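# Overview (structure and organization)
Residues per chain, in single letters:
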Amino acid sequence: MVISHPELVFPFITYAIVTTFTPGPNNASSSQAGMQQGFSKTIPYLTGISIGFFAILAACGLMLDFILNIYGTISPYLRWIGALYMLWLALMPFLPGKTPDFPSQPGDRSSKHTGTHSESKSGDSSESKSGDSSEVCPDDSHESELARSDSKISGKKIKSRFAGYTLFNGMVLQLVNVKVILYGITLYSSFSLLIGTSATSVLASAFFLTVVGFFSIAVWTLIGSTFSAYFKNKIFYYGFNIVMSLMLIYSAVAIVAWQDM
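In this text, all values refer to a predicted model and were calculated from it rather than measured experimentally. (Residues numbered from 1 in each chain as written. Predicted model: local features only at pLDDT ≥ 70, side-chain atom pairs only at ≥ 80, totals over all residues. Heavy atoms only, no water.)

### Overview of the packing of aromatic side chains
For clarity, the cut-off: Each aromatic pair joins two rings of Phe, Tyr and Trp (for Trp, the six-membered one) with centres within 6.5 Å, and gets the label stacked for planes under 30 degrees apart, edge-to-face for over 60, and tilted for any other angle. For helices the rule is a DSSP run of H or I covering at least 4 residues; for strands it is a run of E covering at least 2, with both sets numbered from the N terminus onward. Each residue is assigned to one of three classes by its accessible area relative to the maximum for its type, calculated with a 1.4 Å probe on protein chains only: buried under 20%, partly exposed between the two thresholds, exposed over 50%.
If you walk through the whole model with that rule in mind, you get eight aromatic pairs. Aromatic pair Tyr15 and Tyr183: ring centres 5.7 Å apart, planes at 20°, arrangement stacked. Note that Tyr15 is positioned in helix α1 (residues 9-21) and Tyr183 in helix α8 (residues 178-190), a separation of 168 residues in sequence. Residue Tyr15 is classed as partly exposed on the basis of its relative accessible area of 26%. Judged by relative accessible area, Tyr183 falls into the buried class, the value being 4%. Within the aromatic cluster, the residues linked to one another by ring pairs are Phe12, Tyr15, Phe53, Tyr183, Phe191 and Phe208.

Structure (structure tokens):
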């Protein structure tokens, strides 16, 4: 395959890497997801981002002329929708029910443990005094059922807490992510001589850019997941999420402030 304008290859790759790896909605939300639920559980969200990312880039390349004509009409609405969605992502870690259950102080745990131990002791003594051993098994089975129900409830809470980082939501984010749309329009309009206009070249370039984009969000997720051990530290949790949320807020403000192309 002969490249028609090889002098554009380096600027094309440089622009793709710099734009993809800089902080934005995809990177910031992926880092938050990685910190909260680990790298492996964030893969569906990353997959959804990549699918939506590829679809947006392919659409920008295949319908560049059409998009350039209608973008001036829909861009104000699209910007505000995208900005509001990013603000929601920025606030999500601080909403009721979204924050983790931070561990109590050692003194509280010891007091609770001591209280439980003393209660079990008194219960054992009363049972030994009564001499009725037939009541022990029902109590134990009742306690085990309560323990199982508590674990199920806590599991549901954890699942609902991270319900926002799904494959579907990762795809939806790209539909309102104006940074990705402007990225696709700018890239295919600026490097049309290098990429070409055929469907094969557009899809091949969109796939290449999606791979670069996936590597970017994977790195950001890995950065977030490396701090997952500190996730139950209240100060670190709020500090990290404040920084990530400020990035999302900055992206939302920048989107609204961008001028029409």
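### Some words on the nonpolar core
Stated precisely, the cut-off is as follows: Only buried residues count toward a nonpolar core, which is a set of Ala, Val, Leu, Ile, Met, Phe, Trp, Tyr and Cys residues joined through side-chain atoms within 4.5 Å. Here, two residues are considered to be in contact whenever any of their heavy atoms come within 4.5 Å of each other.
One finds Phe12, Leu57, Tyr183, Leu187, Tyr188 and Leu209 to be the most contacted residues of the largest nonpolar core, which totals 21 residues. When residues of this core are traced back to their parent elements, those giving at least two are α1, α3 (39-62), α4 (64-91), α8, α9 (192-195) and α10 (199-226). Residues in contact with Tyr188, not counting those within four places in the same chain, are Leu57, Cys60, Gly61, Leu64, Ile195, Val202, Ser205, Ala206 and Leu209. Ile49, Met92, Tyr165 and Ile217 belong to the second largest nonpolar core, which has twelve residues in total.

### Thoughts on the environment of Asn177
Structurally, Asn177 can be placed in the loop between α7 (167-175) and α8. As a C-alpha pair, Asn177 and Pro25 span 152 residues in sequence and 7.3 Å in three-dimensional space.

Keep in mind that these numbers describe shape and distance, not what the molecule does.
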